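Given next are the chains, with one letter for each unit.
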Amino acid sequence: MKSRASLFSLTSSLALFAAACSGGGTSIAPPPPNNGFTTSNLSGQYAFSMSGSENTANGIEPLTRVGVFIADGNGNITGGAEDITIFGTLTEELDFTGGTYTVSSDGRGTLTLNNSTGSLLLSIVLTSPSAGYIVPFPTDASESASGSFIKQAAGPFSLANVNGSYAFDFSGSDPSAFSESFVGQIAANGGGSFTTGLVDDNDAGTINGGVAGPALISGTYASDPLHTSDFSSFGRCVVNISGVVGVLYVVGPNQFKFMETSSGGTLTGDAFLQSNIPTSTAQLSGGFVYVMGGSGSGAPITRGGKISLANGATSSAVVDSNNAGQLLSLTGNAGTYTIDGAGSGRGTITFAAQGQTNPFQYVFYMVSPSQIFIQDQSLNIVEDGSMLAQGTSTISNASLAGNYGINWSGVTEAQQVIGEEDLIGEATIGSSGALTGTIDLNEFTVLEQFTAVPLTGTLTLNSDPTSHNSMTVNLATNPANNGLTLFAYVANNNTILLMGTQKNVRITAGVMTPQNP
Amino acid sequence: MRPNIKLHLSGMLTAAALFTAPLAGAQQKANAISSVPQANFAYDVTKESVVQGTVISYTAASDVAPIGPHAKIQTSSGVVDVHLGNPEAMKQNDIFLAAGDSVSIVGENENFGGAPVFLARVLHKGNQTVTLRNLKGIPVNAKAPANAKPRNIVGGAQ
């Protein structure tokens, strides 16, 4: 499963930032349900990444963080490091000198990371002892972001840990402050070279500089001479991919996290080792769901949908679009898809919809036949996200019942101000579709943070539950946020992709991942 | 933790402001507006026009689509609803709108959420000029460094 960080980085980075009065609120919540988590579940070395917004002396700027923290299983952070990039302001590496953390029985918790400049408080939710989501809640409300963390393989790390062909999705802002999606495939030789690769660079609506087809890329990765011990200890090395300069943190042989540092933009995201890559359309078939976020001509955009693939033809396409608050839910006509016969994992999807002047055009790169990065190349739109296979299991309230980690991110209008919103927490789906849970909400828009907020709502399955389903969420913030509406798309293994459908108010995308303590 | 934030004192020009704007012809062209809402409506510089007039009102956060800053502009041919991209880009470029301001705005008419709206690409107020969208209509996210250029991937076509 692709990290959520890159799914929302565009949504975050394009945020229509604005600052307002300070404030905040906290609701009194009942004790968390016992989903089986304890403090000892967070133990070991974890790589994390996130993207969002920072209130700087210049104004509100895109922010990215990537790094590693070490948890001792007893509530203490014993070390780690991170890189921070704030667009147009700074990029730097800092070591963690300590910290603390908590984990409640529902998997929710807090993380405090200390470095030489101070402390940062974050909210976390575990989906398993190996992974979870993360949102900063600094005490001065100076930032918000959304991201993920995942347990690292055992070190020490070396160049050999980056070896093989990876599909990647990096997104954020380009050096001119326009939205950019950088999705592709790259081969590492285990010795410091990215020998070859392909990219679809949707930079502010222009694909690969206007030249048709993917662009060729190559590059290098090496230990940072300024922080030599960071590589063996934390898996951190410096990277140059065809002029995009940044750092990567090795998660393990199957994944690394990337963040742009010194080439002007704020690209960030994940790369996953490819496996079982199809080389023909006959080898990729079935139902898929997706959610993307980014920029359109209006402003922020999110798009979700379902599509079926078989032998080069698309069918049963449903596409939902929240384009700066304009909501459209369309049924796609029959279309086509292609697969690169050379095995890069690159493919294309094209279909039209009734009444629409311009077709929907997507490019994708496969991690596997069921896990896919997808980029929107429809005219003058910049967005990307994840596309996941649905499998053949029956989808029902009973099959979906269980505990989930939930995270959404996007842009919202609150108190007549537009800006970023990030939500993180735990939600339980009951056997009749009832939702209960507890979340933390960072309304960066108005510099308000709500913690331990009760969540209620309903998940109402469509007559065809493989298509979009309707979710209503009530948040007991003060004032309450009741009746938030979303579409929910169910993928393999009960991963649920979310797209906010509140007209004119929220442009958000998110995910619910089943918890496995 | 608070990173070591440094003041960024770049010049007033943004890279985005280098986009040229056709200012000749001060009246707004009435583009054909489709009756069907478009999910993939596409900004087209060949359909650009200029709205020239006086600000009636400005809000940084409209409650109608497209979400974001809107201004009502009184022109010689009526009132035009203008969407100004990202309010932060205006703020970071020290350009603010208030009732009574005279402005000239390059952009394009679109049908958005069932109502016409003028998507602003370049805003001129007095001797101030700020580019709010690129030639594809994508809003700028923040103030770009003065020497910023679009991405140039070192590699090339396959």
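Residues numbered from 1 in each chain as written. Chains lettered and ligands numbered in written order. Predicted model: local features only at pLDDT ≥ 70, side-chain atom pairs only at ≥ 80, totals over all residues.

A separate point is the overall build of chain B. Scanning chain B from terminus to terminus reveals one helix and six strands. Relative to its full complement of 158 residues, chain B shows a buried share of 47%. When contacts within chain B are restricted to residue pairs at least 6 apart in sequence, those whose partners lie at least 24 apart make up 61%. (Helix = DSSP H or I, 4+ residues; strand = E, 2+ residues; numbered from the N terminus. Buried ≥ 20, exposed ≤ 12 C-beta atoms within 10 Å, placed from the backbone. Contact = placed C-beta atoms within 7 Å.)

In this section: the overall build of chain A. In terms of helices and strands, chain A carries three helices and 37 strands. For a compact globule of 517 residues, the expected C-alpha radius of gyration is about 24 Å, and chain A comes in at 21 Å, within 12% of that figure. Along the longest, intermediate and shortest principal axes, the C-alpha atoms of chain A span 55 × 55 × 40 Å. Of the contacts made within chain A by residues no fewer than 6 positions apart, 57% connect residues no fewer than 24 positions apart. (Rg over C-alpha atoms; globule rule 2.2 N^0.38 Å.)

All names here are of chain A. Here Thr195 lies in strand E13 (residues 193-203). A sequence separation of 22 residues divides Thr195 from Ile217, and the C-alpha atoms of the two residues are 8.3 Å apart. Leave out the neighbours within four places in its chain, and Thr195 touches Ala187, Asn189 and Ser218.

Listed by partner, the interface residues are 82 residues for chain A and 58 residues for chain B. Classifying every residue of the side of chain A that touches chain B gives 37 nonpolar, 38 polar and seven charged. (Nonpolar A, V, L, I, M, F, W, Y, C, P; charged D, E, K, R; others polar.)

This part takes up the nonpolar core. Counting 183 residues, the largest nonpolar core has A:Phe364 and A:Leu498 as the members making the most contacts within it. Tallying contributions element by element places strand E27 (residues 360-368) of chain A first for this core, with seven residues. (Core = buried A, V, L, I, M, F, W, Y, C linked by C-beta atoms within 7 Å.)

On average, residues of chain B score 76 in pLDDT, and 75% of them are at 70 or above. Throughout residues 1-34 of chain B the model reports pLDDT below 50, and contacts reaching past four residues in sequence, or to other chains, amount to 78 contacts. (pLDDT = per-residue confidence, 0-100.)

Glancing now at the pairing of strand E30 (residues 402-414) of chain A. Residue and element names in this part refer to chain A. By the criterion of burial, E30 is predominantly enclosed, with eleven of the 13 residues buried. Relative to strand E31 (residues 417-429), E30 runs antiparallel, the two sharing 13 bridges. By the bridge assignment, Tyr404 is partnered in E31 with Ala427. Pairing analysis gives nine bridges linking E30 to strand E37 (residues 506-514), with the strands arranged antiparallel. Residue pairing across strands places Ile406 opposite Met512, the latter belonging to E37. (Pairing = 2+ DSSP bridges.)

Residues and elements named next belong to chain A. Only one face of strand E6 (residues 98-103) is buried, namely the one carrying Gly99, Tyr101 and Val103, since none of Gly98, Thr100 and Thr102 on the opposite face is buried. Bridge analysis of strand E4 (residues 76-86) against E6 gives two bridges, and the strand direction is antiparallel. Its bridge partner being in E6, Ile77 is matched across the sheet by Gly99. For E6 and strand E7 (residues 108-115), the ladder comprises six bridges, and the chain directions are antiparallel. Pairing of Gly99 across the sheet is with Leu113, part of E7.

What follows deals with the confidence of the model for chain A. Averaged over every residue, the pLDDT of chain A is 92; the share at 70 or more is 94%. Taken together, the stretch residues 1-27 of chain A has pLDDT below 50 and engages in 140 contacts with residues farther than four places along the chain or on a different chain.

Positionally, A:Val319 belongs in strand E23 (residues 313-323). Spatially, the C-alpha atoms of A:Val319 and A:Ser386 are 14 Å apart, while their sequence positions differ by 67 residues.

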